[in-house]
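Chains, contacts and geometry: an overview
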Amino acid sequence: MTTHVRRLIRPTIETPFAISLDWWRRNSQDFNTYLREALCDECRREFPLNAPVTEADYIDPRTGEVRRLNSMWGCLVTRCSSDPAFLSPELPLASAVFRALLANGNAPLTPVEIQRSIRRSTPETILRVLTGPTTMLGIVPMA
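Throughout what follows, the structure given in this document is the object of discussion. Just so we're clear, the structure is a prediction, and the values are computed from it rather than from any experiment. Each chain has its residues counted from 1, following the order in which its sequence is written. For this predicted model, a pLDDT threshold of at least 70 governs which residues receive local features, and a threshold of 80 or more governs which side-chain atom pairs are given and counted, while totals over whole chains, interfaces and linings are taken from all residues. Based on all heavy atoms of the structure, the side-chain values leave hydrogens and waters out of the count.

1. A few points about the pattern of salt bridges
Selection criterion: What makes a salt bridge here is a side-chain nitrogen of Lys or Arg within 4 Å of a carboxyl oxygen of Asp or Glu, nothing more. The helix count covers DSSP runs of H or I at least four residues long, the strand count covers runs of E at least two residues long, and both are numbered beginning at the N terminus. Relative accessible area decides the class of each residue, using a 1.4 Å probe on protein chains only: under 20% of the type maximum gives buried, over 50% gives exposed, and in between gives partly exposed.
The tally for this structure, following the rule as stated, stands at 7 salt bridges. Across the pair Arg25 and Asp22 runs a salt bridge whose closest N-O atoms are separated by 2.7 Å. Within this pair, Arg25 and its partner Asp22 are both found in helix α2 (residues 21-26), separated by 3 residues, close to a single helical turn. Residue Arg25 is classed as exposed on the basis of its relative accessible area, which comes to 58%. Several salt bridges converge on common partners, so that one network encompasses Glu42, Glu46 and Arg79.

Here is the structure:
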């Protein structure tokens, strides 16, 4: 499917979304800064500002799929995401969606799956946030 045709397909609550690291590069945004903000206190101490970030294999416990994630992201997936404060109801909705995708190792999730993960809002509201006039935190449809 060409990019032009993809743009014509309107995402639904069943459309998978993921974080585009290319979007972060194209927009000159520092992904690691946002990633660091999502870390728990223990992981923040492990990854202070300007600490080198390496890559490591992450094995998804549900699917067995192996993905390369930077070491900060791996810490977030294995440790931080189990903290109840990680998906605090006080987070803005876009930030909660971003964290849900981070915690999932950036495996695509639909708005329905995201809603189950963050336990707030509705899939339709999440879809409206993700398909608004501007791309939020590099989250894009995958279909």
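2. Overview of the state of the cysteines
Basically, it comes down to this: Disulfides are defined as cysteine sulfur pairs within 2.5 Å.
Under the definition given, this model contains 1 disulfide. Here Cys43 connects covalently by a disulfide to Cys75, the sulfurs 2.0 Å from one another. Taking the torsion about the S-S bond as the criterion, the Cys43 to Cys75 disulfide, at about -70°, is left-handed. Of this pair, Cys43 sits in helix α4 (residues 41-46) while Cys75 sits in helix α5 (residues 71-78); the two residues are 32 residues apart in sequence, bridging distant segments of the chain.

3. Quick notes on the environment of Thr125
The topology assignment puts Thr125 in helix α8 (residues 123-130). Sequence spacing of Thr125 and Val140 is 15 residues, and the spatial spacing of their C-alpha atoms is 15 Å.

4. A closer look at the packing of aromatic side chains
Rules: Aromatic pairs are defined between Phe, Tyr and Trp rings, using the six-membered ring for Trp, whenever the two ring centres lie within 6.5 Å; interplanar angles under 30 degrees are classed as stacked, those over 60 as edge-to-face, and all others as tilted. Criterion for a charge above a ring: Lys NZ or Arg CZ within 6 Å of the ring centre, and within 35 degrees of the ring normal.
Taken as a whole and assessed by the stated rule, the structure comprises 6 aromatic pairs. Ring geometry for Trp23 versus Trp24: centroids 5.3 Å apart, planes at 85°, classification edge-to-face. Owing to a relative accessible area of 16%, Trp23 belongs among the buried residues under this scheme. Looking at Trp24, the relative accessible area reads 2%, which means it is buried. Summarising the aromatic geometry, the rings of Trp24 and Phe31 are spaced 5.4 Å apart at their centres and angled 75° between planes, so their arrangement reads as edge-to-face. Side by side, Trp24 and Phe31 carry an identical accessibility label, which is buried. Taken together, Trp23, Trp24, Phe31, Tyr34, Trp73 and Phe98 form an aromatic cluster joined through their ring pairs. Positioned over the ring face of Phe86 is Arg99, at 5.3 Å from the centre of the ring.

5. As for the nonpolar core
Stated precisely, the cut-off is as follows: Residue types Ala, Val, Leu, Ile, Met, Phe, Trp, Tyr and Cys, when buried and joined through side-chain atoms within 4.5 Å, form a set referred to as a nonpolar core. Contacts were defined at the residue level, with two residues in contact if any of their heavy atoms lie within 4.5 Å.
With 37 residues, the main nonpolar core has Val97, Leu102, Ile118 and Ile139 as its most contacted residues. For this core, the elements supplying multiple residues, two or more each, are β1 (17-19), α2, α3 (31-37), α5, α6 (93-103), α7 (111-118) and α8. With 7 residues, α6 is the largest single contributor of residues to this core. When sequence neighbours within four positions are dropped, the list of residues in contact with Leu102 reads Ile19, Phe31, Leu35, Ala38, Trp73, Leu76 and Val77.

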